[in-house]
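# Residue-level structure breakdown
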Amino acid sequence: MSVVNIYAAAEARRTILRRAPWEDQEMPERVLDGIERIFGERLSPAEAVARILRDVRTRGDAALAEWSARIDGAPPLLEITPDAWAAAYGRLPAAQREALDLAAERIAAFHRKQPMDSWIDSGPDGTLGQLIRPLDRAGVYVPGGTAPLPSSLLMAAIPARVAGVGQVIVCTPPRQGGVADLILAAAHVAGVDRLFAVGGAQAIAAMAYGTESVPAVDKIVGAGGLFITLAKRQVIGSVGIDGFYGPTETLVIADESANPAWAAADLLAQAEHDVLASPILLTPSAALAGQVAAELAVQLATLSRAEIAATSLRTRGGIVVTDGLAEAVELANAYAAEHLCLLVRDPWALVGRIRNAGGIFVGEHSFEVLGDYVAGPSHVMPTEGSARYSSPLSVADFVKRISLIAFGADAGERLARSAAVLAHGEGLTAHAAAAEMRCND
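This section reports on the structure supplied with the text. Please read all numbers here as calculations on a predicted model, not as lab measurements. (Residues numbered from 1 in each chain as written. Predicted model: local features only at pLDDT ≥ 70, side-chain atom pairs only at ≥ 80, totals over all residues. Heavy atoms only, no water.)

### Focus: the packing of helix H9 (residues 200-209) against helix H10 (residues 226-235)
Defined as follows: A fitted line through C-alpha atoms serves as each axis, taken over the contacting stretch for helices, and the angle formed by two N-to-C directions is quoted from 0 to 180°. Numbering of helices and strands runs from the N terminus, with a helix taken as a DSSP run of H or I at least four residues long and a strand as a DSSP run of E at least two residues long. Oblique is the label for every angle not falling under 35 degrees (roughly parallel), over 145 degrees (roughly antiparallel), or within 65 to 115 degrees (roughly perpendicular). The handedness criterion is simple: a crossing whose near helix is rotated anticlockwise from the far helix by less than a right angle is left-handed, and one whose near helix is rotated clockwise is right-handed. Contacts are assigned to residue pairs with any non-hydrogen atoms lying within 4.5 Å of each other.
Contact pair H9 / H10: the axes reach a minimum separation of 8 Å and the direction vectors enclose 25 degrees. In terms of their interaxial angle, H9 and H10 are classed as roughly parallel. Along this stretch, H9 crosses H10, giving a crossing that reads as right-handed. Residues Gly200, Ala201, Ile204, Ala208 and Tyr209 of H9 touch H10, and the partners they reach there are Phe227, Ile228, Ala231, Lys232, Gln234 and Val235.

### Quick look at the sheet that holds strand E3 (residues 119-123)
Just so we agree on the cut-off: Strand pairing is assigned whenever DSSP detects at least two bridges linking the two strands.
Reading across the sheet, the three strands line up as E3-E4-E15 and stay open at both edges, with antiparallel pairing between neighbours. Either end of the sheet is taken by a strand with one partner, and the two such strands are E3 and strand E15 (399-407). On average, each strand axis in the sheet is tilted by 15 degrees relative to the strand beside it, whichever way the strands run. Pairing of strand E4 (residues 126-134) with E15, which is carried by nine bridges, proceeds in the antiparallel orientation. For Pro134, the partnering residue across the bridge sits in E15 and is Val399.

### Considering H10
The condition is simple: Summary of the burial criterion: residues with accessible area below 20% of their type's maximum are buried, those above 50% are exposed, and those between are partly exposed, where the area comes from a 1.4 Å probe applied to protein chains only.
When we look at burial in H10, the residues that qualify are Ile228, Thr229, Leu230, Ala231, Lys232 and Val235. Gly237, located one to two residues past H10, shows a positive phi value of around 110 degrees.

### Observations concerning the packing of aromatic side chains
For any pair of aromatic rings, the description rests on two quantities: the centre-to-centre distance and the angle between the ring planes. To be explicit about the condition: The criterion for an aromatic pair is that two Phe, Tyr or Trp rings (for Trp, the six-membered ring) have centres within 6.5 Å, with stacked assigned to planes under 30 degrees apart, edge-to-face to planes over 60 apart and tilted to the rest. Lysine NZ or arginine CZ positioned within 6 Å of the ring centre and within 35 degrees of the ring normal marks a charge as sitting over the ring.
What the rule picks out here adds up to one aromatic pair. On the numbers, 5.1 Å between centres and 35 degrees between planes, the contact of Phe39 with Trp67 is tilted. On the criterion of sequence distance, the pair formed by Phe39 in helix H2 (residues 29-39) and Trp67 in helix H4 (residues 61-72) is long-range, its members being 28 residues apart. Since its relative accessible area comes to 6%, Trp67 is described here as buried. We note Arg19 situated over the ring of Tyr335; from NZ or CZ to the ring centre the distance is 3.7 Å. Cation over ring: Arg233 sits above Phe244, and NZ or CZ is 5.5 Å from the ring centre.

### Re the sheet that holds strand E6 (residues 167-171)
If you trace the six strands from one edge of the open sheet to the other, you get E2-E7-E6-E5-E8-E9, paired in mixed fashion. The open sheet is flanked by strand E2 (78-80) and strand E9 (240-241), the only strands paired with a single partner. Looking at chain direction, E2 and strand E7 (residues 194-197) are connected through three bridges and run antiparallel. Note on E7: the bridge partner recorded for Leu78 is Ala197.

### Quick notes on the pairing of strand E11 (residues 278-283)
Rule in force here: The handedness rule is simple: strands pointing away from the viewer, and a clockwise path from the first strand over the helix to the second, make the crossover right-handed.
With six of six residues buried, E11 is to be regarded as a mostly interior element. Both faces of E11 are covered, namely the face carrying Ser278, Ile280 and Leu282 and the face carrying Pro279, Leu281 and Thr283. Note: strand E10 (residues 249-254) against E11, five bridges, orientation parallel. The residue bridging Glu249 from the neighbouring strand is Ser278, located in E11. Once the chain exits E10 it traverses helix H11 (residues 260-271) before rejoining the sheet at E11, and the crossover so formed is right-handed. Looking at chain direction, E11 and strand E12 (residues 318-321) are connected through four bridges and run parallel. Counterpart to Ile280 in the pairing with E12 is Gly318.

Given below as structure tokens:
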């Protein structure tokens, strides 16, 4: 039995390339069972999150401690000091320290090139401009449920630091025995300000509303699972949000020149994240489709997270045989994947035709795993088709624009006449009066 289904393009459009609306997706029984165990009744995930948010907003640190004990099985350590981060960095093997340092250097260098400059334009009428100001305080959520993810801390905290954010706060779930050394070391390398060992919806509530220990932030960034996404949806308005991130997605476009073993490895690298991950191959080559399917079976047997990857391939992944590369590009633009990998003979010929993707990985040597760790751009990227209108996390997420308006008397009077005309048209007589007072006649 094949570990992955092979589809014709028409069938794929109706199935794996057609996302169900997020709200309509059926919740796995294990999720509902877990909620019932914690809350004593069968709530929806959104209802469960709402209760946690309300409790933390009302009771602060006491609620954080209780929900961490009930959900994570361990009380939060709350704040962990920078001395502990430095000690964790020192305990790591030299190769891990060097890899963290390299990743941090490349992430910072990439984000320093992002233009977000203030400008002021003065002329005969006066001055107009745009002032760029960093946020005072940003909160970074770092997942840590099934594995420590120091890369996620680097990818979110370093752009904030480059942007000049005044204070960078990190929240990450406590595990038995505390927070993993890799995450503490990443906090040290990224130069964040404070780190709290609290996770889940309660961490989002703490950063959104503030508690006795955790300060309220201006914006919360970072990916997470279902409950983090629900919590971010419910606190938006009280605090800024970078985006809502679903399970990881990788779309690979490959032609007959592609190495089938490499293509399979790239799909499996994302499939092992989550049973809801979407690893999909688009190819005009039926021969390559069969070769990649065979490679997936061989490589899957060697993986530590084989069960997760196999479920992902079977339920959310697949191989799609297209009529040509043009159809593959059309399907890719419609799907708007988080990661789009071009494993074709002339990848640059396709780059100009891609309109919708979180990131484009050009050629077989620019594989997506490099983007996860050391390429430079943040790996916090839009999912669920939101690449049609949103972008990867960047310096722009940590600044705000302030408009600057400064007119002299002559320009103010001349423009006031037109402003008054428009105000009268809208029936706003106080607006019109404020403009007309500036006119001499």
